[in-house]
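Below, each chain spelled out in residue letters.
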Amino acid sequence: MIRLDRVTKVFDTPSGPITAVDDVSLEIERGQICVLLGPSGCGKTTTMKMINRLVQPTSGEIWVDGRDTSKVDPVELRRSIGYVIQQIGLFPNKTIGDNICVVPDLLGWDRRKSRQRAAELLEMVAMDPAVFMNRYPNELSGGQQQRVGVIRALAADPPVMLMDEPFGAIDPINREAIQDEFLRMQAALKKTIIFVSHDLDEAVKMADRIAIFRAGRLEQFATPDRLLANPSSPFVESFLGTDRALKRLRILRVRDVMQTDAVLLSVEDSLAQGRELMAASGLPAMVVVDAQGRPRGIVSESAVANGGGSVREHCVAVNAAVAIEDDLRAAVSTMFAHNLSVVPCVDGDGTVRGVLTFQAISRHLAIPEART
Amino acid sequence: MTSGAQQASRAVVGGAPLLAVWLWKRRGVAIPLAVIAIAAWLLSPRIFEEILIYQEDIIYLTRQHLELVAWAGGLAILTGIPAGVVLSRAVFRRVSELILQTFNLGATIPTLAVMALSMVVLGIGTVPAVFGLWLATLLPIVRNTYTGLKGIPAHLLEAARGMGMTPGQILWRVELPNALFAIIAGIRTALTICVGSAPLAFLIGAGGLGELIFTGIALNDLPMMLAGAIPTALLAVATDFFVSKLQFYLVPRGINPLRQAG
């Protein structure tokens, strides 16, 4: 969908030429979010701006949607690519409706059709069109302005979007909300997105692919999980930070890490049976389920150590289950909060589909070199 | 009273509270004017009757005065805004400040001297007067247009370019609308200066209310002088009032500091 082929940009400055982007090649598949990540001055923004020709490449080719961009009129090219900047850049002289319709108006769409589209987009980000269509940007909160900035880029339904630190100027709480909202929209819209960021957490959360830049060069281009698990150079490793194993918690899903073959205890089992099964499993505790397969509680090793009766009498009811679609970060948080080393993983119906243990998590997070 | 006059008087009465509020906002100008009027009245209680002797002259000369202002102001707007736009373009980046400084220097020359010089070159009559007034009026318009356009945040221009606007579309849809408040502010200053300087046009044979003022001074005839001075002052105030209304209604709410809600 987007292909950069040996792209280089050299700026001529009074103090001599500066190579901002050095021989970068990348390919982004349709429907994916690619985050360009790196410290400031690393060439990530310049790389992005070359895609819609706000910056002309010194050499190399850029293809968007099967077209060589150097052969397309830059104005026409830009109208076909959504563009969001950090400062949002809503036009203060225009109403929200007119701001959203900037590109449709440039393309000469029918006014009724474009305003209808603007209303739909506002609804998509939970802003009431009746309230907001005729407001001006300075009458909106920062978060609302940012949402309008994003849907403005979507107005003419471009297949490709360029986003230059679009959520950089928002407070952390709102940023999380807007990121989640954007990911929900993206799941339905399937745009191909180039997203510039200097925030690793944001990149890990948003990206299908991350491209790490350093001094104009592409250091590594990989999925977030691969990047965190296998940084290709000491620079990337130090950029990712010492807690990169923990950052992977965000990307990994409970479904991928849980043990699906773990033996579950039934409330009807006798304590002796439980003792036996637990010894065989090697787990410090076991999940107890009812006849429908729903989690009923947990029995610990010490609870079954001696005595008789049924599992039911010794099981501790725990209302902590993690959804198999959750990320590991949420799951680990739940486990810490309830002081559990074993937690049941449930699907949408509440049926236990597996068991998550700290042991399994740490085995999964261990970086390959350290794996034995 | 004719029905037309009745309507006019009703309009005046209807506009009176509005005018009163506005005068209060501009008490810095309104109070001195009132003081002068009271002083004149104290000096000679029958002064207003004496002034009204010149009623016909006042009407005729006011129209002439307004024509001069309309020509000079109109030409200044038509030339000043494009000049400001041109100077604000990136191509002129290096020279624009220099040119504006030259303009500034030009503006320090007293309008009277400009009139005299323009008479030397263009002779006497309306044309040299309009030329002189145009020159005196131009600077605030050019300066404000330039400053207004230069003050537009770079990210707005980047957003406009990145969404596929041509340079012409950026100028008309983004730059000029966002600079409009400053541009109209310049026009407001310029026209007020123009109305106030127009009496000088009489000195180079273009008529206007200056005729009553200067003749009044020459003849030491206070009522005659006031018959020119008071309408000139009122015209200046009315012009300012009119353009401020224009500014209020023409500039979109989103960028109009006069219309910010709450």
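Keep in mind that what you see is a predicted model, and the values were worked out from it rather than measured. (Residues numbered from 1 in each chain as written. Chains lettered and ligands numbered in written order. Predicted model: local features only at pLDDT ≥ 70, side-chain atom pairs only at ≥ 80, totals over all residues.)

Description of the domain arrangement of chain B
Residue and element names in this part refer to chain B.
Now for step 1: Per the domain assignment, the segments making up chain B are domain 1 (1–43) and domain 2 (54–259).
Now for step 2: Once you take the C-alpha centre of each, domain 1 and domain 2 turn out to be 25 Å apart.
Now for step 3: At the junction of the two partners, domain 1 supplies four residues and domain 2 supplies four residues.
Now for step 4: A per-class count over the side of domain 1 that touches domain 2 returns four nonpolar, no polar and no charged. (Domains from an automatic or database assignment. Contact = placed C-beta atoms within 7 Å. Nonpolar A, V, L, I, M, F, W, Y, C, P; charged D, E, K, R; others polar.)

Considering the sheet that holds strand E16 (residues 352–357) of chain A
Residue and element names in this part refer to chain A.
Now for step 1: Taking strand neighbours across the sheet as the criterion, the three strands line up as E14-E15-E16 in an open arrangement whose pairing is mixed. The open sheet has two edge strands, strand E14 (322–323) and E16, and neither has a second partner.
Now for step 2: Both E14 and strand E15 (residues 342–346) contribute to a ladder of two bridges, which runs parallel. By the bridge assignment, Val322 is partnered in E15 with Cys345. (Pairing = 2+ DSSP bridges. Helix = DSSP H or I, 4+ residues; strand = E, 2+ residues; numbered from the N terminus.)

Re the sheet that holds strand E13 (residues 295–300) of chain A
Through backbone hydrogen bonds, the strands of a sheet pair up, either in parallel or in antiparallel fashion.
All names here are of chain A.
Now for step 1: With mixed pairing, the three strands of this open sheet are ordered in space as E11-E12-E13. Of all the strands in the sheet, the pair left with one neighbour each is strand E11 (265–266) and E13.
Now for step 2: As paired elements, E11 and strand E12 (residues 285–289) share two bridges and run parallel to each other. Of the residues in E12, the one forming a bridge with Leu265 is Val288.
Now for step 3: Its contacts with the sheet put helix H14 (residues 271–281) on E11, E12 and E13, and the angle it makes with E12 is roughly 130°. (Axes fitted to C-alpha atoms, helices over the stretch in contact; angles between N-to-C directions.)

Details of the environment of Arg111 of chain A
Residues and elements named next belong to chain A.
Now for step 1: Note that Arg111 resides in helix H5 (residues 111–124).
Now for step 2: Residue classification places Arg111 among the exposed positions, given that 11 C-beta atoms sit within 10 Å.
Now for step 3: Residues Arg111 and Gln87, 24 residues apart in the sequence, show an inter-C-alpha distance of 27 Å. (Buried ≥ 20, exposed ≤ 12 C-beta atoms within 10 Å, placed from the backbone.)

Focus on the domain arrangement of chain A
Now for step 1: Domain annotation for chain A reports domain 1 (2–251) and domain 2 (255–365).
Now for step 2: Look at where the C-alpha atoms of domain 1 of chain A and domain 2 of chain A centre, and you get two points 43 Å apart.

Quick notes on the confidence of the model for chain B
Now for step 1: When pLDDT is averaged across chain B, the result is 86; 93% of the residues are at 70 or more.
Now for step 2: When mean pLDDT is compared element by element in chain B, helix H8 (residues 154–162) of chain B scores highest at 95, while helix H1 (residues 3–25) of chain B scores lowest at 63. (pLDDT = per-residue confidence, 0-100.)

A look at the interface of chain B and chain A
Now for step 1: Contact with chain B, which involves 18 residues of that partner, is made by 19 residues of chain A.
Now for step 2: Broken down by element, the side of chain B that touches chain A gets its largest block of residues, six residues, from H8 of chain B.

Focus on the nonpolar core
Generally speaking, a soluble globular protein has its nonpolar side chains buried in company with each other.
Now for step 1: Counting 120 residues, the largest nonpolar core has Cys34, Val35 and Ile194 of chain A together with Leu133 and Cys194 of chain B as the members making the most contacts within it.
Now for step 2: Ranked by residues supplied to this core, first place goes to helix H7 (residues 126–150) of chain B with 13 residues.
Now for step 3: In contact with Cys34 of chain A, not counting residues within four places along its chain, are Ile28, Ile193, Ile194, Phe195, Ala207, Asp208, Arg209 and Ala211 of chain A.
Now for step 4: Met286, Val288, Val342 and Val352 of chain A belong to the second largest nonpolar core, which has 31 residues in total. (Core = buried A, V, L, I, M, F, W, Y, C linked by C-beta atoms within 7 Å.)

Overview of unusual backbone geometry
Residue and element names in this part refer to chain A.
Now for step 1: Unusually for a residue other than glycine, Arg6 sits at a positive phi of about 50°.
Now for step 2: Looking at the element boundaries, Arg6 is found in strand E1 (residues 2–13).
Now for step 3: One non-glycine residue, Ala215, adopts positive backbone phi at about 50°.
Now for step 4: Looking at where Ala215 falls in the secondary structure, it is placed in the loop between strand E9 (209–214) and strand E10 (217–222).
Now for step 5: For Ala215, a count of 15 C-beta atoms within 10 Å gives the class partly exposed.

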